[in-house]
Amino acid sequence: MAVFTEVSKKEARDLLRRLQLGTLVSLRGIEGGIENTNYFLTSDQGEYVLTLFERLTAEQLPFYLHLMKHLAHAGIPVPDPRADKHGDILHSVAGKPAAVVSKLRGKSQLAPEASHCAAVGATLARMHRAGHGYERRQPNLRGLAWWNETVPAVLPHVGEEQAALLRSELAYQNHVAASAGYAALPRGPVHADLFRDNVMFDGEELTGFFDFYFAGVDTFLFDLAVCLNDWCIDLPTGAHHDVRARAMLDAYQNVRPLTADERTLLPAMLRSGALRFWISRLWDFYLPREASLLTPHDPTHFERVLRERLAHPVHA
């Protein structure tokens, strides 16, 4: 992710010593993203990822870190947070709350085929089932309440046509969220940001989901919709890709079949997922924070996705 906070080699060496992870070999900032500071942290014992949390508080962070621990112990391929001698997995580096997690092997598949989408769908369903036993509760902090707060802040920066679409879609999503069908949707811990660059593959093998720092308790259908909106579209146009989407949905349902309410509300949740990331990208583009490697994402991408979802609803 973007480097907001510089970490010295001395700080990295001290952290490795506290975690009993060997001696420092290299420390390299990771470019991309917009929320946290991330480094590749390599010692003589292995490769890790060091994350410094720029927005999340020490009170919020145990939800994310213990969720990863819970999922890792349940056999879901996710980074495993490293503890110190006291068993603590939340640390402090450069005055910021921090975590060190195992580095997943492989690389992101940025041009996925149907087989990759099927692997994501099946693993996502396994993750949702494994999350049922997780007792900590924290809402999706970028959910509907945040959209309602943030849209007024970004409206002055967009044109009249965009503003009208933001207002109308936000009103629609508030209406959906108040419905009985929405209240009946299965829910639990979700990733909520499972884009192509947050999944690792080694060849055809899915080796892990990572970057859980947008996770929260929400509907499983929203999590699935976020995936479909990234893995199963044509990126330049935002148009739906039926073959990849069918592969993901079929693989997901082989593990956790969708309920009748989920099948009915899939078109609404696809719109919801597009709106969420359009709002957040507008926020990051027009109201950015300083970072040495920060490159904001293009907000118009998810505007196109939302318009495609409105014009061509996709049904389960």
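Residues numbered from 1 in each chain as written. Predicted model: local features only at pLDDT ≥ 70, side-chain atom pairs only at ≥ 80, totals over all residues. Heavy atoms only, no water.

Engineer: Sorry if this is basic, but what is going on with helix 3 (residues 114-130) here?
Structural biologist: Every α-helix winds through 3.6 residues per turn, so residues three or four apart in the chain are directed the same way. Between its first and last C-alpha, helix 3 extends 24 Å over 17 residues, near the 24 Å set by a 1.5 Å rise per residue. When we look at burial in helix 3, the residues that qualify are His116, Cys117, Ala119, Val120, Gly121, Thr123, Leu124, Ala125, Met127, His128 and Ala130. Packed against the buried residues of helix 3 are helix 2 (61-73), strand 6 (187-190), strand 7 (199-202), strand 8 (205-209), helix 7 (220-231) and helix 8 (242-255). (Helix = DSSP H or I, 4+ residues; strand = E, 2+ residues; numbered from the N terminus. Expected span 1.5 Å × (residues − 1). Buried < 20%, exposed > 50% of the residue type's maximum accessible area, 1.4 Å probe, protein only. Contact = heavy atoms within 4.5 Å.)

Engineer: Quick question: what am I supposed to make of the layout of surface pockets here?
Structural biologist: In this approach a probe as big as a water molecule rolls over the atoms, and the regions it shows empty are the leftover space. Approximately 200 Å³ is the volume attributed to the second largest pocket. Lining the second largest pocket are 15 residues, and of these Gly143, Leu144, Trp147, Tyr182 and Asp218 lie nearest its centre. Secondary-structure elements contributing two or more residues to the lining of the second largest pocket are helix 4 (144-154), helix 5 (160-177), strand 9 (216-219) and helix 9 (260-286). At three residues, the largest contribution of residues to the lining of the second largest pocket is made by strand 9. Across the lining of the second largest pocket, the residue classes tally to eight nonpolar, five polar and two charged. (1 Å grid on protein atoms, 1.4 Å probe; cavity = no way out; pocket = protein on both sides within 12 Å on 5 of 7 lines; lining within 4 Å. Points joined across faces, edges and corners; volume = space filled by probe spheres on them. Nonpolar A, V, L, I, M, F, W, Y, C, P; charged D, E, K, R; others polar.)

Engineer: Looking at this structure, I do not really get the packing of aromatic side chains. What am I missing?
Structural biologist: Given two aromatic rings, one states the distance between the centres and the angle between the planes to describe the pair. Under the definition given, this model contains 11 aromatic pairs. Ring geometry for Phe63 against Tyr64: centres 5.5 Å apart, planes inclined by 90°, an arrangement best described as edge-to-face. Comparing Phe63 with Tyr64, the two get one shared label, buried. Residues Phe63 and Tyr134 carry aromatic rings whose centres are separated by 5.6 Å and whose planes lie at 70° to one another, so their mutual orientation is edge-to-face. Taken as a pair, Phe63 in helix 2 and Tyr134 in the loop between helix 3 and helix 4 lie far apart in primary sequence, 71 residues in all. Exposure class is identical for Phe63 and Tyr134. Each is buried. These aromatic residues form a ring-pair network of at least three members: Phe53, Phe63, Tyr64, Tyr134 and Tyr213. The lysine or arginine in question, Arg142, covers the ring of Trp146, its NZ or CZ lying 4.1 Å from the ring centre. Lying across the ring of Tyr172, Arg271 places its NZ or CZ 3.7 Å from the centre. (Phe/Tyr/Trp six-rings, centres within 6.5 Å; stacked < 30°, edge-to-face > 60°. Lys NZ or Arg CZ within 6 Å of the ring centre and 35° of its normal.)

Engineer: Which parts of the structure should I look at to understand the side chain of Arg309?
Structural biologist: With respect to the helices and strands, Arg309 occurs in helix 10 (residues 300-311). Buried within the structure, Arg309 lacks any salt-bridge partner; its nearest side chain of opposite charge belongs to Glu308, at an N-O separation of 7.1 Å. For Arg309, the side chain forms a polar contact with the side chain of His240, separated by 3.3 Å. Among all residues touching Arg309, those that are not within four sequence positions of it are Leu228, Asn229, Ile233, His240, Leu270, Arg271 and Val314. (Lys, Arg positive; Asp, Glu negative; His and termini not counted. Salt bridge = Lys/Arg side-chain N within 4 Å of Asp/Glu carboxyl O. Polar contact = N/O pair within 3.5 Å; in protein donor to acceptor, adjacent residues only side chain to side chain.)

Engineer: Is there a simple way to explain the sheet that holds strand 5 (residues 96-102) in this structure?
Structural biologist: In a beta sheet, neighbouring strands pair by backbone hydrogen bonds and run either parallel or antiparallel. Ordered by their spatial adjacency, five strands build an open sheet running 1-2-3-5-4, and the pairing between neighbours is antiparallel. For this open sheet the edge positions go to strand 1 (24-29) and strand 4 (91-93), each flanked by a neighbour on one side alone. The mean angle between the axes of side-by-side strands here comes to 35°, regardless of whether they run parallel or antiparallel. The pairing of strand 3 (residues 46-52) with strand 5 spans five bridges and is classified as antiparallel. What sits directly across from Leu50, in strand 5, is Val100. (Pairing = 2+ DSSP bridges. Axes fitted to C-alpha atoms, helices over the stretch in contact; angles between N-to-C directions.)

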